[in-house]
Amino acid sequence: MAHGREDRITPRTTAQVVDAVGPRLRALRERRDVTLAALAAETGISVSTLSRLESGQRRPTLELLLPLARAYQVPLDDLVGAPQTGDPRVHLRPERHGGRVVIPLTKRTGGVRSFKQLIPPEPANSDRTLKTHEGYEWFYVLSGRLRLLLGDREFDLGPGEVVEFDTHTPHWVGNTTDEVTEVLCLYGPQGERAHVRSRPAARAD
């Protein structure tokens, strides 16, 4: 007999989903570079409530999640992250951050996350101030050119080239060409690094 969605969502699964809402909300807000104060002004939810919701100290309710879904312009399911019904495909929903298009490639909210980015040409007078933040980043250039300013060094990366760095190091990443640059990005918000293996590990005899 085929089992429906209700057969797979156990009380434990429900608790896990609810517990994951706070980190999911924080990750979404940080990816969009929105402050708690700005989000409070847009949703009418107090800063303290938003902070407690993201930290897991406040349980999510429809009254809280609906204004947040409207503010982020995403379906309510994206905030909740309820279990899928057996379809393993990741339904890509592009997000726009400034002039860049960011496409999440994974559903997870913690650990190393993956994205595809489309980076348009940067205006000659664009802000190239070096910034720092928590985390570790890994970029693979699919097409175009990627310019990386990292501390006092400068790198020009082309298709097939890879760079990884600790984001505590002052940096700027952009596109100084006339064409759109397409990259894959792995980001570990707590400093997690991607473990890339170039060949299978030797088996012990």
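Identification of the chain as Helix-turn-helix transcriptional regulator from Curtobacterium citreum is taken from an unreviewed UniProt entry.

Thoughts on the overall build of the chain
Within the chain, the regular secondary structure consists of 6 helices and 9 strands. Only carbon and sulfur atoms are counted for the fraction: they give 51% of the accessible area of the chain, which is about 12800 Å².

Considering the environment of Val17
Relative to the elements of secondary structure, Val17 occurs in helix α2 (residues 11-31). Considered as a pair, Val17 and Val80 are 63 residues apart in the sequence and their alpha carbons are 6.8 Å apart.

Regarding the confidence of the model for the chain
Per-residue confidence for the chain averages 80 on the pLDDT scale, and 78% of its residues sit at or above 70. When the criterion is pLDDT under 50, residues 1-9 qualifies, and its contacts beyond four places in sequence or with other chains add up to 10 contacts. Counting contacts from residues 196-201, a segment whose pLDDT is below 50, to residues more than four positions away or on other chains yields 1 contact.

Quick word on the sheet that holds strand β1 (residues 95-97)
Across the sheet, which stays open at both edges, the 6 strands sit in the order β1-β2-β3-β9-β4-β7 with antiparallel pairing between neighbours. Here the strands that pair on one side only, and so sit at the sheet edges, are β1 and β7 (162-166). Within this sheet the neighbouring strands show an average axis-to-axis angle of 25°, counted without direction. For β1 and strand β2 (residues 100-104), the ladder comprises 3 bridges, and the chain directions are antiparallel. Pairing of Arg96 across the sheet is with Val101, part of β2.

Digging into the packing of aromatic side chains
Taken as a whole, this structure holds 2 aromatic pairs when the rule is applied. Look at Trp138 and Tyr140: their rings are 6.5 Å apart centre to centre, the planes differ by 15°, and that puts the pair in the stacked class. Between the aromatic rings of Phe139 and Phe165, the centroid separation amounts to 6.2 Å while the plane-to-plane angle is 20°, which identifies the pairing as stacked. Here Phe139 is found in strand β4 (residues 136-143), whereas its partner Phe165 is found in strand β7, with 26 residues between them in sequence. For the pair Phe139 and Phe165, one class covers both residues: buried.

Digging into the side chain of Glu182
If you trace the backbone, Glu182 turns up in strand β9 (residues 181-188). Here the side chain of Glu182 touches Lys116 through a polar contact of 2.5 Å, side chain to side chain.

Overview of the pattern of salt bridges
Proximity of charged atoms lets side chains of opposite charge pair with each other. On inspection of all chains with the given rule, the structure shows 8 salt bridges. For the salt bridge of Asp19 with Arg59, the shortest nitrogen-to-oxygen distance reads 3.3 Å. Note that Asp19 is positioned in helix α2 and Arg59 in the loop between α4 (47-55) and α5 (62-72), a separation of 40 residues in sequence. Its relative accessible area of 49% is what places Arg59 among the partly exposed residues. Where Lys116 meets Glu182, a salt bridge forms, and the shortest distance between an N and an O atom there is 2.5 Å.

Side note on the packing of helix α3 (residues 36-43) against α5
At their nearest, the axes of α3 and α5 sit 10 Å apart, and the two run at 105° to each other. Classed by the angle they form, the pair α3 and α5 counts as roughly perpendicular. Contacts from Leu39, Glu42 and Thr43 of α3 reach α5 at Pro67, Leu68, Ala71 and Tyr72. Taken together, the residues of the contact of α3 with α5 sort by class into 5 nonpolar, 1 polar and 1 charged.

Brief notes about the pairing of strand β8 (residues 171-174)
Along β8, one buried face is formed by His171 and Val173 and the opposite face, lined by Trp172 and Gly174, is buried too. Across 4 bridges, strand β5 (residues 146-150) lies against β8 in antiparallel orientation. Opposite Leu149, over in β8, you have Trp172 as the bridge partner.

Parameters at a glance
Residues numbered from 1 in each chain as written. Predicted model: local features only at pLDDT ≥ 70, side-chain atom pairs only at ≥ 80, totals over all residues. Heavy atoms only, no water. Helix = DSSP H or I, 4+ residues; strand = E, 2+ residues; numbered from the N terminus. Areas by Shrake-Rupley, 256 points an atom, 1.4 Å probe, with all protein chains shown as cover. pLDDT = per-residue confidence, 0-100. Contact = heavy atoms within 4.5 Å. Pairing = 2+ DSSP bridges. Axes fitted to C-alpha atoms, helices over the stretch in contact; angles between N-to-C directions. Phe/Tyr/Trp six-rings, centres within 6.5 Å; stacked < 30°, edge-to-face > 60°. Buried < 20%, exposed > 50% of the residue type's maximum accessible area, 1.4 Å probe, protein only. Polar contact = N/O pair within 3.5 Å; in protein donor to acceptor, adjacent residues only side chain to side chain. Salt bridge = Lys/Arg side-chain N within 4 Å of Asp/Glu carboxyl O. Parallel < 35°, antiparallel > 145°, perpendicular 65-115°, else oblique. Nonpolar A, V, L, I, M, F, W, Y, C, P; charged D, E, K, R; others polar.

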